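Commentary on secondary and tertiary structure
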Amino acid sequence: MRLVVALFTSALILLASWLYLKAAERPPTLNLDSESSASAPTLRIELELTFAAGPDPFAENLDDAPSLVVSSEGKTLLRMEESIAAGQRLIIDDLAGFKAGPRELLIEATPQDPTSAAPRAVRVSVYRTDRDRPLTTEILWSAPGSSKVDGVVAVTLPENSPATNPAEEQP
């Protein structure tokens, strides 16, 4: 009798494990209606600075001196005038209105201590809001002898199609 109970329990555990693994293999399904599938993709931009940023001490108007500016196609996406701690992650979420195709983001950051000779960098990652894998990740470095970190991040935005399989996207 113990042997039958042990075999039955083992079979039940194997069946439950097999069912769990089969359920975990299936990718989650997205329920997209026709209105959302026709719209442009929404984006999320993540920025991380290796230095403490602050208002530009050499600006003409110190009351309106930005520490960080992110813009694209002539539109300002983020403008911060307060200090930003080194290593702090900044997220610009749910950016809409971008059409599919190549786009450029202009990033400008000013360090709090412009006299420091330490190298400075800004890591920029661009994501589609409905994906976990970034479309692009770039690191912008300050030019030798320059106190500011500025540069352009190029990203190609894919079509927002419900037929797109996330497993088929390029890394």
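Look a little higher up for the structure.
Residues numbered from 1 in each chain as written. Predicted model: local features only at pLDDT ≥ 70, side-chain atom pairs only at ≥ 80, totals over all residues. Heavy atoms only, no water.

1. So, the overall build of the chain
Each helix and strand counted, the chain has 2 helices and 8 strands in total. Reading the chain from its N terminus to its C terminus gives the helix and strand order α-α-β-β-β-β-β-β-β-β. Relative to its full complement of 171 residues, the chain shows a buried share of 30%. Intrachain contacts of the chain at a sequence separation of at least 6 include 67% that bridge at least 24 residues. Carbon together with sulfur atoms contributes 57% to the accessible area of the chain, which is approximately 11200 Å² in total. (Helix = DSSP H or I, 4+ residues; strand = E, 2+ residues; numbered from the N terminus. Buried < 20%, exposed > 50% of the residue type's maximum accessible area, 1.4 Å probe, protein only. Contact = heavy atoms within 4.5 Å. Areas by Shrake-Rupley, 256 points an atom, 1.4 Å probe, with all protein chains shown as cover.)

2. What about the nonpolar core?
Membership of the largest hydrophobic core comes to 27 residues, with the highest contact counts inside it found for Ile 45, Leu 47, Leu 68, Val 70, Ile 107, Val 122 and Val 124. Within the residue set of this core, elements represented by two or more residues are strand 1 (43-49), strand 2 (68-72), strand 3 (75-80), strand 4 (89-95), strand 5 (101-109), strand 6 (121-128) and strand 8 (149-157). (Core = buried A, V, L, I, M, F, W, Y, C linked by side-chain atoms within 4.5 Å.)

3. Overview of the pattern of salt bridges
As enumerated under the stated definition, the model contains 6 salt bridges in all. Its salt-bridge partner being Arg 44, residue Glu 46 comes within 3.2 Å of it at the nearest N-O pair. For Glu 46, a relative accessible area of 10% translates into the label buried. Judged by relative accessible area, Arg 44 falls into the buried class, the value being 16%. (Salt bridge = Lys/Arg side-chain N within 4 Å of Asp/Glu carboxyl O.)

4. A short note on the sheet that holds strand 4
Judged by pairing direction, the sheet is antiparallel, and its 4 strands sit side by side in the order 4-1-6-7 without closing on themselves. Each of the sheet's edge strands pairs with one partner strand only, and the pair in question is strand 4 and strand 7 (136-141). Across this sheet, the average inter-strand angle for adjacent strands is 15 degrees, counted without regard to direction. The pairing of strand 6 with strand 7 spans 6 bridges and is antiparallel. Within strand 7, the residue paired with Val 122 across the bridge is Leu 140. (Pairing = 2+ DSSP bridges. Axes fitted to C-alpha atoms, helices over the stretch in contact; angles between N-to-C directions.)

5. Observations regarding unusual backbone geometry
Peptide bonds are trans in most cases, and residues, glycine excluded, mostly fall at negative phi. A positive phi angle is found at Glu 73, which is not glycine, with a value near 55 degrees. With respect to the helices, strands and loops of the structure, Glu 73 is situated in the loop between strand 2 and strand 3.

6. Quick word on the sheet that holds strand 3
One open sheet holds the 4 strands; their spatial order is 3-2-5-8, and the pairing between them is antiparallel. A single partner strand is all that each edge strand has here, and the edge strands are strand 3 and strand 8. Recorded for the sheet is a direction-independent mean angle of 15 degrees between the axes of neighbouring strands. Judged from the 5 bridges that link them, strand 2 and strand 3 form a sheet pairing that is antiparallel.

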